[in-house]
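# Per-entry structural report
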Amino acid sequence: KAGVTQTPRYLIKTRGQQVTLSCSPISGHRSVSWYQQTPGQGLQFLFEYFSETQRNKGNFPGRFSGRQFSNSRSEMNVSTLELGDSALYLCASSLSPGQINEQFFGPGTRLTVL
Amino acid sequence: AQSVTQLDSQVPVFEEAPVELRCNYSSSVSVYLFWYVQYPNQGLQLLLKYLSGSTLVKGINGFEAEFNKSQTSFHLRKPSVHISDTAEYFCAVTVNDMRFGAGTRLTVKP
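What comes next concerns the included structure. Source: prediction; values computed, not measured. (Residues numbered from 1 in each chain as written. Chains lettered and ligands numbered in written order. Predicted model: local features only at pLDDT ≥ 70, side-chain atom pairs only at ≥ 80, totals over all residues. Heavy atoms only, no water.)

## Overview of the sheet that holds strand S1 (residues 5–7) of chain A
All names here are of chain A.
- Here four strands make up an open sheet; going across it, the order is S1-S3-S8-S7 and the pairing antiparallel. The sheet is open, and its two edges are formed by S1 and strand S7 (64–68), each paired on a single side. Averaged over all adjacent pairs, the angle separating strand axes in this sheet is 20 degrees, with direction ignored.
- Across five bridges, strand S3 (residues 19–24) lies against strand S8 (residues 74–78) in antiparallel orientation. Pairing of Val 19 across the sheet is with Val 78, part of S8. (Pairing = 2+ DSSP bridges. Helix = DSSP H or I, 4+ residues; strand = E, 2+ residues; numbered from the N terminus. Axes fitted to C-alpha atoms, helices over the stretch in contact; angles between N-to-C directions.)

Below is the structure:
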């Protein structure tokens, strides 16, 4: 069974631009969560989607948004990029919502904002 | 809200020595606790989790952790480490959303 895939793996953008990251969960998994990992702030929860609905959201500004499609694939978008948005963005999938279930993480998308 | 503190940012040990990675949490309600491992350029992999029941939890790769409610701790242990255990380890707690500790870099030296 294929694991969680994230595209692209690496991305370089400039301040003010917007970016869209994609995540394909493990087949059969309907819950997708997104995390931001930085050296300064560590791993921080962004949001969780299940059945195309956002179930939970972390403490991030409105520039960060996401969505989930009917096939459970998810995208996250960051608008008006700032230097501080440079990070590794991790996607995780699980069979059902609620993060007590085992989450399977993708390798991440490394975003660099210049 | 819940929070997690990993007490050591770096832990160097020699191969075949025992290791303990310390994790304390705070929460006003019952929590679920996890340990994840992250190898270079990879995502996180679940080592073990505590949801309820026995306070001693066994995980993959020979790791185990003990939930101590009175001390609000969930320390990770392995009796004999290998070079391949070199990685970043994250303790996490969840009530509504998952909160991670800052991570402990375990370096196993030959």
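## Points about the layout of surface pockets
- Space inside the largest pocket adds up to approximately 510 Å³.
- Considering the residues around the largest pocket, the lining is formed by 24 residues, among which Gln 37, Leu 88 and Arg 110 of chain A together with Gln 38 and Arg 105 of chain B are closest to the centre.
- Where the lining of the largest pocket is concerned, the elements lending two or more residues are strand S4 (31–38) and strand S9 (87–94) of chain A together with strand S10 (87–94) of chain B.
- If one sorts the elements of the lining of the largest pocket by residue count, S10 of chain B sits on top with three residues.
- Considered as a void within the structure, the second largest pocket measures approximately 310 Å³ in volume.
- The wall of the second largest pocket is formed by 18 residues, among which Leu 43, Gln 44 and Phe 45 of chain A together with Met 98 and Arg 99 of chain B lie closest to the centre.
- Contributing elements (two or more residues each) for the lining of the second largest pocket: strand S5 (42–50) of chain A together with strand S1 (3–6) and strand S11 (98–100) of chain B.
- Among the elements that take part in the lining of the second largest pocket, S5 of chain A stands out by supplying four residues, more than any other. (1 Å grid on protein atoms, 1.4 Å probe; cavity = no way out; pocket = protein on both sides within 12 Å on 5 of 7 lines; lining within 4 Å. Points joined across faces, edges and corners; volume = space filled by probe spheres on them.)

## A look at the side chain of Glu 48 of chain A
Residues and elements named next belong to chain A.
- Within the fold, Glu 48 resides in strand S5.
- You can call Glu 48 buried: its relative accessible area is 1%.
- At 3.0 Å, the side chain of Glu 48 and the side chain of Ser 31 are in polar contact. (Buried < 20%, exposed > 50% of the residue type's maximum accessible area, 1.4 Å probe, protein only. Polar contact = N/O pair within 3.5 Å; in protein donor to acceptor, adjacent residues only side chain to side chain.)

## Topic: the pattern of salt bridges
Residues and elements named next belong to chain A.
- Using the criterion set out here, one finds 11 salt bridges over all chains in the structure.
- Ionic pairing is found between Glu 82 and Arg 63, a salt bridge with its closest N-O pair at 3.6 Å. Remark: Arg 63 occurs in the loop between strand S6 (53–57) and S7 and Glu 82 occurs in the loop between S8 and S9; sequence separation between them is 19 residues.
- According to the relative accessible area criterion, Glu 82 is partly exposed, its value standing at 42%.
- The exposure class of Arg 63 is buried, given its relative accessible area of 16%.
- In this structure, Arg 67 engages Glu 75 in a salt bridge whose closest nitrogen and oxygen atoms are separated by 3.2 Å.
- The partly exposed category is assigned to Arg 67, whose relative accessible area is 46%.
- Of the residues examined, Glu 75 reaches a relative accessible area of 16% and is grouped as buried.
- Salt bridges sharing partners connect three or more residues here, namely Arg 63, Glu 82 and Asp 85. (Salt bridge = Lys/Arg side-chain N within 4 Å of Asp/Glu carboxyl O.)

## Regarding the state of the cysteines
All names here are of chain B.
- Per the counting criterion, the structure on display carries two disulfides over all chains.
- The disulfide that involves Cys 23 links it to Cys 91, with 1.9 Å between the sulfurs. Its torsion about the S-S bond being -65 degrees, the disulfide of Cys 23 and Cys 91 is classed as left-handed. Residue Cys 23 is located in strand S4 (residues 23–26), and its partner Cys 91 is located in strand S10; the two are separated by 68 residues in the primary sequence. Each member of the pair, Cys 23 as well as Cys 91, carries the same accessibility label: buried. (Disulfide = S-S within 2.5 Å.)

## Here we look at the interface of chain B and chain A
- With 17 residues of chain B in contact, the opposing surface of chain A contributes 16 residues.
- Among the residues chain B hides against chain A, the three largest losses belong to Leu 44, Met 98 and Phe 100 of chain B. Together they make up 31% of the total.
- Counting every contact that joins chain B to chain A gives zero salt bridges.
- Counting every contact that joins chain B to chain A gives one residue pair in polar contact (both at pLDDT 80 or more).
- Secondary structure elements with two or more residues in the side of chain B that touches chain A: strand S5 (32–38), strand S6 (44–50), S10 and S11 of chain B.
- Per element, the largest residue contribution to the side of chain B that touches chain A is four residues, and it comes from S5 of chain B.
- Along the lines of polarity and charge, the residues of the side of chain B that touches chain A split into nine nonpolar, six polar and two charged. (Contact = heavy atoms within 4.5 Å. Buried area = accessible area lost by both parts, 1.4 Å probe. Nonpolar A, V, L, I, M, F, W, Y, C, P; charged D, E, K, R; others polar.)

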